[in-house]
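The chain contents come next:
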Amino acid sequence: MADLPVLGVPGIESHDEDEPRALPSRAPVAAERGRYLIHTWGCQMNVHDSERMAGQLEALGFSQARGEDDADVILLNTCTVRETSASKVYGKLGDLRRLKRQREHLVVGVCGCLAQQERDALFTRAPHLDLVIGPRAIPFLGRHVGTVLERRERVRDTAPHVEAIGEGSEESLRQSFPKAYLTVQEGCDKFCTFCVVPFTRGREKCRSMDVLVAEAAGLAERGFREIELLGQNVNCYRDEKGSDLADLVLAVAEIDGVERIRFVTSHPRHLSDRIADVIAHPKVMDGIHLPVQSGSDAVLARMERDYTRAEYLERVARLRSVNADLALQTDIIVGFPGETEADFAQTLSLVEEVAYEGVYSFKYSPRPFTKASKSFEDDVPPEVKAERLERLQRLQDELLAPRDAARVGGIEDVLIDGMSKRSDQEVSGRTSRNRVVNLPGGPELIGMILPTRITETRAHTFRGEPVGPPR
Ligand code: SAM
Ligand code: SF4
């Protein structure tokens, strides 16, 4: 999921996990046991996992550290989807080794996908580590931190914990007000040949719709106005009673106070007509993330994505028949093994044809355990990958600029989610199509929906002015 802001600051839109985000906490609690710091790499699901971890630590009496220097517990919540992300974590672990030499009591943990991928090997590679906690063991993080502190014992928990999926989610220390993330599904069964996720997050497991709706109702009562349903393959959601994503979205839409619903990430193969139709619901936002990965059938087949270019385009047409103004975002990998210049040209032409609102693009990197890393040679030279990435990004920028300019003068509802990064006289928020708009205003507007006239385009964002009362 690109140029990551600090967690809790508006505008987490990116799929780039290269820069970690430090997780802030709420005010210190009375019975303070120590201070913690969580660095987060990766997608929204990791961001929300960090919220879950922080919630547990604060319930135990920990409060947020100002930085690494005053932290008693430092946790790295990691992503290994691409090689660059894994290397950054190892870099940070090196820094923490020096810190631990100076402050022996410091507890250092690696959580998330790198923990699952490396397991015990992490203790060998980083002997100063106290905790190795896989994504499925996050409900037990607080308990494990307690064990380390009380017994000064190392803990590794990388068990699948199928029974505990989503446990303790309601305790999360939510940092993305007025939006709340709700993980509806863990893991993935698709095994696309390039992807490590099924090996790190395990097999697909869905939470029960009744539990999710009750949690969403609780969030609405606390003032959260947007619910983002999270799953690696969210449109494959199906619970033990047979309810699917369309049922879940419609049930959440019934909740008073929930004004906006998004779901991410959708797999093109499983985007049923029922789910496409749900997009017409007024509470479902006009934006969908539909990763294509490549525009070439030959590459899609080697990726084992389970759809062709024509099938993908047919799904896009179906979505746009329901909502002509739907904004599509996508993920694209360049330089997959065997990708020729002609294959890449197919990707460029697909980008042109679909007219995406956002393209998250990545250079292919072989990942452990995956079929592509075992069966295909990583034969596209690094300089060709870099050049294709640059061409793709340039094309997308050129295509988007005139469409963005055409939106100037239009009026869009903007849900204000924080102060602008550039000015303390401006707030920032998102349109239904999930685009960032900065406009004049102060912190009292956070959580309000403002009818806004778009006045200007900037690189990937808009400026606007309010044209009606906030609601
Ligand atoms: N579940 C989503 C889907 O089916 O498209 C994707 C989840 S994955 C965590 C996020 C994105 O990382 C993918 O869509 C893909 O573009 C990218 N990615 C995954 N493995 C990669 C690899 N080995 N090299 C480069 N990019 C990769
Ligand atoms: Fe990875 Fe494919 Fe599953 Fe997405 S659908 S998480 S790309 S294996």
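First, a word on scope: everything that follows refers to the structure included in this document. (Residues numbered from 1 in each chain as written. Chains lettered and ligands numbered in written order. Predicted model: local features only at pLDDT ≥ 70, side-chain atom pairs only at ≥ 80, totals over all residues. Heavy atoms only, no water.)

### A closer look at the overall build of the protein
So, step 1. Regarding its fold elements, the protein presents 14 helices and 20 strands.
So, step 2. Dimensions along the principal axes, computed over C-alpha positions, put the protein at roughly 60 × 55 × 45 Å.
So, step 3. Residue burial in the protein is summarised as follows: out of 471 residues, 59% are buried.
So, step 4. Of the roughly 18300 Å² of accessible surface on the protein, a fraction of 51% belongs to carbon and sulfur atoms.
So, step 5. Looking at the protein, you have 63 positive and 75 negative side-chain charges, and the mean spots of the two groups are 2 Å apart. (Helix = DSSP H or I, 4+ residues; strand = E, 2+ residues; numbered from the N terminus. Buried < 20%, exposed > 50% of the residue type's maximum accessible area, 1.4 Å probe, protein only. Areas by Shrake-Rupley, 256 points an atom, 1.4 Å probe, with all protein chains shown as cover. Lys, Arg positive; Asp, Glu negative; His and termini not counted. Charge placed at Lys NZ, Arg CZ, Asp CG, Glu CD.)

### Quick notes on the packing of aromatic side chains
Geometry of an aromatic ring pair is reported as the spacing of the ring centres plus the angle between the planes.
So, step 1. Going through the model one piece at a time under the given rule, you end up with 7 aromatic pairs.
So, step 2. Aromatic pair F191 and F199: ring centres 5.4 Å apart, planes at 80°, arrangement edge-to-face.
So, step 3. Take F199: its relative accessible area is 30%, and that puts it in the partly exposed class.
So, step 4. Taken together, a centroid distance of 6.4 Å and an interplanar angle of 85° make the contact between F194 and F336 edge-to-face. Residue F194 is located in the loop between β9 (185-186) and α6 (197-200), and its partner F336 is located in the loop between β14 (327-334) and α12 (341-354); the two are separated by 142 residues in the primary sequence. Here F194 matches F336 in class, with each residue buried.
So, step 5. In this arrangement the basic side chain of R82 is found over the ring face of F362, its NZ or CZ atom lying 3.6 Å from the centre.
So, step 6. In this structure, R125 is placed above the aromatic ring of Y90, and the distance from its NZ or CZ to the ring centre is 3.5 Å. (Phe/Tyr/Trp six-rings, centres within 6.5 Å; stacked < 30°, edge-to-face > 60°. Lys NZ or Arg CZ within 6 Å of the ring centre and 35° of its normal.)

### As for a negative patch on the surface
So, step 1. Where like charges cluster on the molecular surface, the negative patch consists of E163, E167, E170 and E171.
So, step 2. On the basis of relative accessibility, which here comes to 43%, the residue E167 falls in the partly exposed class. (Patch = residues over 30% accessible without salt bridge, like charges linked within 9 Å, V, L, I, M, F, W, Y side chains within 5 Å. Salt bridge = Lys/Arg side-chain N within 4 Å of Asp/Glu carboxyl O.)

### Observations regarding the site of ligand 2
So, step 1. In the region of ligand 2, the neighbouring residues are C188, K190, F191, C192, F194, C195, V197, P198, Q232, N233, H267 and R305.
So, step 2. A breakdown of the residues in the shell around ligand 2 according to their chemical character gives 7 nonpolar, 3 polar and 2 charged. (Near = heavy atom within 4 Å. Nonpolar A, V, L, I, M, F, W, Y, C, P; charged D, E, K, R; others polar.)

### Some points on the nonpolar core
So, step 1. Judged by nonpolar contacts, the single largest core of 66 residues is most densely connected at L229 and F263.
So, step 2. No other element matches the 7 residues that helix α8 (residues 245-253) contributes to this core.
So, step 3. If we ignore the near neighbours within four places in the chain, the residues touching L229 are L182, V184, V234, L245, L248, V249, I261, R262, F263 and V264.
So, step 4. Core analysis: the next-biggest nonpolar cluster, separate from the first, contains 23 residues, C79, L96, A115 and F123 among them. (Core = buried A, V, L, I, M, F, W, Y, C linked by side-chain atoms within 4.5 Å. Contact = heavy atoms within 4.5 Å.)

### Focus on the pairing of strand β19 (residues 449-458)
So, step 1. With 5 bridges connecting them, strand β16 (residues 411-419) and β19 associate as antiparallel partners. Within the sheet, the bridge partner assigned to E412 lies in β19 and is T452.
So, step 2. As paired elements, β19 and strand β20 (residues 461-466) share 6 bridges and run antiparallel to each other. The residue of β20 that forms the bridge with I454 is G464.
So, step 3. Counting the residues in the hairpin turn of β19 and β20 gives 2 residues, including H460, whose phi is positive at 70°. (Pairing = 2+ DSSP bridges.)

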